[in-house]
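Chain by chain, the residues:
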Amino acid sequence: MDDAARRAANKKVFAEVQATISAGQFEKLGDFMVDDLLFELPYGPAFMPNPVEGLEAWNQMQLMTFAMFDSFKLEPIEYHECLDPDELIAEYRSEAIVKRNGNEYKNRYIGVLRFRDGKISHWREFHNPEATGVL
């Protein structure tokens with residue numbers, strides 16, 4: 001597969017991740033990740049481990065996180081290709097409803113992603129930590 005095809009395939013993988021989250025099919029997200037996934041959330045809450053190493057630990061974390069919401073939709077804004085076809089920078093936004101209080105949660109993100117063998121191997125996500133005050 002040439003570089004352009006790898007870039008397109010990797011963008012498609014992340015678009016599928018966003019669609020899977022928006023569909024509420026969180027149990028399927030692990031299908032898009034490698035077993036030794038590294039997930040970093042530099043501005044995450046103090047109670048969340050950071051970084052999260054390994055698919056099993058990440059899956060537990062993401063299931064716990066999404067359980068806090070009645071709905072969670074992600075919308076892509078823009079993708080930025082990198083020199084390495086297995087690296088991608090994605091801008092996206094969320095709209096969600098907090099389960100415990102009905103508050104609307106909206107945020108913007110920048111995801112710095114690395115892929116290996118067609119799956120996400122490293123995901124570093126930056127978000128506005130002030131927006132989490134509604135939780």
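In this report, the structure presented in the accompanying data block is examined. Every value quoted in this text rests on a predicted model; they were computed, and no experiment measured them.

Some remarks on helix α1 (residues 3–22)
Here comes step 1: Compared with the 28 Å implied by 1.5 Å per residue over 20 residues, the 29 Å span of α1 between its first and last C-alpha is a close match.
Here comes step 2: Every buried residue belonging to α1 is among Arg7, Asn10, Val13, Phe14, Val17, Gln18, Thr20, Ile21 and Ser22, and all of these are buried.
Here comes step 3: Considering only its buried residues, α1 is in contact with β1 (33–40), α2 (55–66), β3 (69–81), β4 (87–98), β5 (104–116) and β6 (119–127).
Here comes step 4: Backbone geometry just after α1 places glycine 24 at a positive phi near 75°.

Some points on the pairing of β5
Moving residue by residue along a regular strand, the side chains alternate between the two faces of the sheet.
Here comes step 1: Across the two faces of β5 the burial differs, with Tyr105, Asn107, Tyr109, Gly111, Leu113 and Phe115 buried and Glu104, Lys106, Arg108, Ile110, Val112, Arg114 and Arg116 not buried at all.
Here comes step 2: For β4 and β5, the ladder comprises 11 bridges, and the chain directions are antiparallel. Looking across to β5, one finds that alanine 90 is bridged to glycine 111.
Here comes step 3: A loop of five residues connects β4 with β5, the two strands running antiparallel in sequence, and glycine 102 in this loop sits at a positive phi of about 75°.
Here comes step 4: Judged from the eight bridges that link them, β5 and β6 form a sheet pairing that is antiparallel. Across the sheet, residue phenylalanine 115 finds its bridge partner in β6, namely isoleucine 120.
Here comes step 5: Linkage of β5 to β6, two consecutive antiparallel strands, is achieved through a turn of two residues, within which aspartate 117 is found at a positive phi near 55°.

Examining the nonpolar core
Here comes step 1: Counting 33 residues, the largest nonpolar core has Phe14, Val17, Met33, Trp58, Phe72, Ile120 and Trp123 as its most contacted members.
Here comes step 2: The set of elements that each furnish at least two residues to this core consists of α1, β1, α2, β3, β4, β5 and β6.
Here comes step 3: Among the elements that take part in this core, β4 stands out by supplying five residues, more than any other.

What to know about the packing of aromatic side chains
Here comes step 1: The tally for this structure, following the rule as stated, stands at 11 aromatic pairs.
Here comes step 2: Seen from their ring centres, phenylalanine 39 and tryptophan 123 are 5.5 Å apart, and the 85° between their planes marks the pair as edge-to-face. Taken as a pair, phenylalanine 39 in strand β1 and tryptophan 123 in strand β6 lie far apart in primary sequence, 84 residues in all. When sorted by exposure, phenylalanine 39 lands in the same class as tryptophan 123, which is buried.
Here comes step 3: The interplanar angle of 40° and the centroid separation of 6.2 Å between the aromatic rings of phenylalanine 72 and tyrosine 105 together place this pair among those described as tilted. Taken together, the residues span a long stretch of sequence, with phenylalanine 72 in strand β3 and tyrosine 105 in strand β5 at a distance of 33 residues. Tyrosine 105 shares its class with phenylalanine 72; the two are buried.

What counts, and where the lines are drawn
Residues numbered from 1 in each chain as written. Predicted model: local features only at pLDDT ≥ 70, side-chain atom pairs only at ≥ 80, totals over all residues. Heavy atoms only, no water. Helix = DSSP H or I, 4+ residues; strand = E, 2+ residues; numbered from the N terminus. Expected span 1.5 Å × (residues − 1). Buried < 20%, exposed > 50% of the residue type's maximum accessible area, 1.4 Å probe, protein only. Contact = heavy atoms within 4.5 Å. Pairing = 2+ DSSP bridges. Core = buried A, V, L, I, M, F, W, Y, C linked by side-chain atoms within 4.5 Å. Phe/Tyr/Trp six-rings, centres within 6.5 Å; stacked < 30°, edge-to-face > 60°.

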